[in-house]
Amino acid sequence: MFFLRRSAAQHRQTPTIVLFGAYRWQHDYIIQDAIDAGLRTVAVVPSRKANAIAELRPKRRWRQCGQWLRKLGRRDKPGLREKQCGTPGELIIETKFSSDKIRKRYGRDIWVLAMDDYCVAEAARLSQSSSSPCFPVAAADTVRCKQILREKWNELSRGTQLLKPVEYQLCQFDSFSAQTPCQTVTSELFHHSDIEQFVVKPDSLAGSIAVLASTRSQLPENVSTVLRTLGRDWQEFGKRNELPVDPVVLVEERIARSPRLHESAEFSAEFVSFAGQHQFIGFTQKWVSENFMETAHVHPPIHDELPSRLKDAACEVIKSLLESMDVRYGISHWEFIVTGDDRIALVEGHLRPPGDNINQLVGLATGTRLTDRLLAKISGKPLPLSAMQNRYAGIFWLAPSCPVWNVVSVESSKMPGCQLKIDDGDALYRYTNESPYVGPTGWGNRHLSVQVEASSSQQLIERLELFVVGARLVCKHDSTTHDVPLHAVFSHRESSVQ
């Protein structure tokens, strides 16, 4: 365990927050946010990742009070010297997590926050013995297992005019190589003859890693394909990262999207809950590809295209879901599609901050990230005045104009409000040394994106268009280099809904 020493009086006065998943998938910024909020910050990190977190310290410029950061254990090992600075808060890195150990060290007055789906249940379990539980473990299971959340949604939707129930069949298998499910759970109208288009995906893992469109006649083949993909590509990944990967596949009715909104007609609603009160923060507009991969997000939606009656219906039903799951505090992210007959159909929900930089987009658009809002409530500090700003922010994934090999650099012009982002470090360069790169075709190769902020939706699109004019990949062939232009995997169509 790494820690910064403070006096016993300081410890009693400072709230403690335990962060799960802050070490992976570019979530480590939350550590600094918690420190800046004045919280005693406990980051649960596997031993193999502890050094990587420590190495991020200069990069993130973590500011902590106290003079020492040292590793507990062998006393003959010297500590790492820290400069004294006046910022409140401290960082503790727990490398051997157990609920009993956390309770013994920090008592019952702790708060928890999970940064991804795979640690939500663990955070909820620890929270149950604290003086401020976040939500029951059953709530974590509800959002992790899509079929359970789908059933809750369908119960709330049936008989209403603005909400659409989505029919489904859950297929449980004995193994990843099984041909026939050992058990199925089917919704009321799944076998209705009018339903011919479906989506096949994992039930309790991020659905987008293996999702297929299917006709009814293709279902047996596509269910087997998703099952094999889970076993071949993700079972070992799950073992390495202590994540459950089960041979369970969910088949859902494919939702017809409204032709009167933007091309994908998909949105997410961002909520911050505290003391059992659920605050709606805003909607995020989403674009997805033909294989359901997200290619752009904008917060708030361009042209405010979501009709007021659907906004109100979405907020009301999400609050009902949060109340039914007994959520006391936390951040939640709810994805939904507007259907062809202008109803809301839930895609999935999460009891954690949104991914894909949406948390940061909310911060750029409103002045305060979702996580900052929750941390301020926990610490009892007021939000800064910048939280009232009204701007637009978006992230757009980029693709080359033709397949490329041997990328050696990514070049772009400096544009106001635009930031080029290269995911996974040098993964793009390694990838193109072995295979041609055509752009983001799956979650593992969304390497390039641009984050844009502006004072209006029109300026946001204009800045994006100007940025991509100067964006390019530099590729090397033999001893010569050549440039390949980049473009945004995004198209913009104005809404026809009034």
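A. Broad picture of the nonpolar core. Formed by 74 residues in total, the largest nonpolar core has its most connected members in W334 and L351. Per-element tally for this core: the top contributor is helix 9 (residues 308–324), with 8 residues. What L351 contacts, discounting residues up to four positions off in sequence, is V120, F135, A139, A140, V143, L322, M325, V327, I331, S332 and W334. By size, the runner-up hydrophobic cluster in this structure holds 29 residues, among which are L428, L448, A471 and C475.

B. A look at the environment of C145. Take C145: it is sitting in the loop between helix 6 (137–144) and helix 7 (146–157). Classification of C145 as buried rests on a relative accessible area of 14%. In the structure, C145 is positioned 103 residues away from V248 in sequence and 9.7 Å away in space, judged by C-alpha atoms. Excluding its chain neighbours within four sequence positions, the residues that come into contact with C145 are D203 and S204.

C. Region of interest: empty space enclosed by the protein. Per the counting criterion, the structure on display carries 4 cavities of 30 Å³ or more. Reported here for the largest cavity is a volume of approximately 60 Å³. Among the secondary structure elements, those contributing two or more residues to the lining of the largest cavity are strand 7 (110–114) and strand 16 (330–338). For the lining of the largest cavity, the element with the highest residue contribution is strand 7, accounting for 3 residues. A breakdown of the residues in the lining of the largest cavity according to their chemical character gives 9 nonpolar, 1 polar and no charged.

D. Quick peek at the sheet that holds strand 11 (residues 212–215). The antiparallel open sheet is built from 5 strands, whose spatial order is 9-8-12-10-11. Whereas interior strands pair on both sides, the edge strands pair on one side only; in this sheet they are strand 9 (183–186) and strand 11. On average, adjacent strands in this sheet sit at an angle of 25 degrees to one another, irrespective of strand direction. Note that strand 10 (residues 197–202) and strand 11 share 4 bridges and pair antiparallel. Bridge pairing in strand 11 places Q197 opposite T215. Running at roughly 155 degrees to strand 8 (residues 168–172), helix 7 makes contact with strand 8, strand 9, strand 10 and strand 12 (248–253) of the sheet.

E. Layout of the environment of G394. Along the chain, G394 turns up in strand 18 (residues 392–400). Taking the relative accessible area as the measure of exposure, G394 reaches 0% and is therefore buried. Considering only alpha carbons, one finds G394 and Q360, 34 residues apart in sequence, at a separation of 9.5 Å. When residues no more than four places from it in sequence are discounted, the contact partners of G394 are H297, V298, L361, V450, Q451, V452 and L460.

F. Fine view of the packing of helix 7 against helix 9. Where helix 7 meets helix 9, the axes come as close as 11 Å, and the angle between the chain directions of the two elements is 125 degrees. One element, helix 7, and the other, helix 9, form an angle in the oblique class. Once helix 7 is placed against helix 9, the crossing between them reads as right-handed. Residues L149, K152, W153 and L156 of helix 7 pack against V317, S320, L321 and S324 of helix 9.

G. Region of interest: helix 13 (residues 457–469). A rise of 1.5 Å per residue sets the reference length of helix 13, with its 13 residues, at 18 Å; its end C-alpha atoms lie 19 Å apart and thus fit the reference within 8%. Every buried residue belonging to helix 13 is among S457, L460, I461, R463, L464, F467 and V468, and all of these are buried. Down the axis of helix 13, the buried set is contained in an arc of 160 degrees. They therefore lie on one face. Turned more than 90 degrees from where helix 13 packs its buried face, Q458, L466 and V469 sit exposed. Tucked inside the fold, the buried residues of helix 13 contact strand 15 (294–299), strand 18, strand 20 (418–422), strand 21 (448–454) and strand 23 (480–488).

Conventions adopted
- Residues numbered from 1 in each chain as written.
- Predicted model: local features only at pLDDT ≥ 70, side-chain atom pairs only at ≥ 80, totals over all residues.
- Heavy atoms only, no water.
- Core = buried A, V, L, I, M, F, W, Y, C linked by side-chain atoms within 4.5 Å.
- Buried < 20%, exposed > 50% of the residue type's maximum accessible area, 1.4 Å probe, protein only.
- Helix = DSSP H or I, 4+ residues; strand = E, 2+ residues; numbered from the N terminus.
- Contact = heavy atoms within 4.5 Å.
- 1 Å grid on protein atoms, 1.4 Å probe; cavity = no way out; pocket = protein on both sides within 12 Å on 5 of 7 lines; lining within 4 Å.
- Points joined across faces, edges and corners; volume = space filled by probe spheres on them.
- Nonpolar A, V, L, I, M, F, W, Y, C, P; charged D, E, K, R; others polar.
- Pairing = 2+ DSSP bridges.
- Axes fitted to C-alpha atoms, helices over the stretch in contact; angles between N-to-C directions.
- Parallel < 35°, antiparallel > 145°, perpendicular 65-115°, else oblique.
- Left-handed = near helix turned anticlockwise from the far one by under 90°.
- Expected span 1.5 Å × (residues − 1).
- Arc of directions from axis to C-beta.

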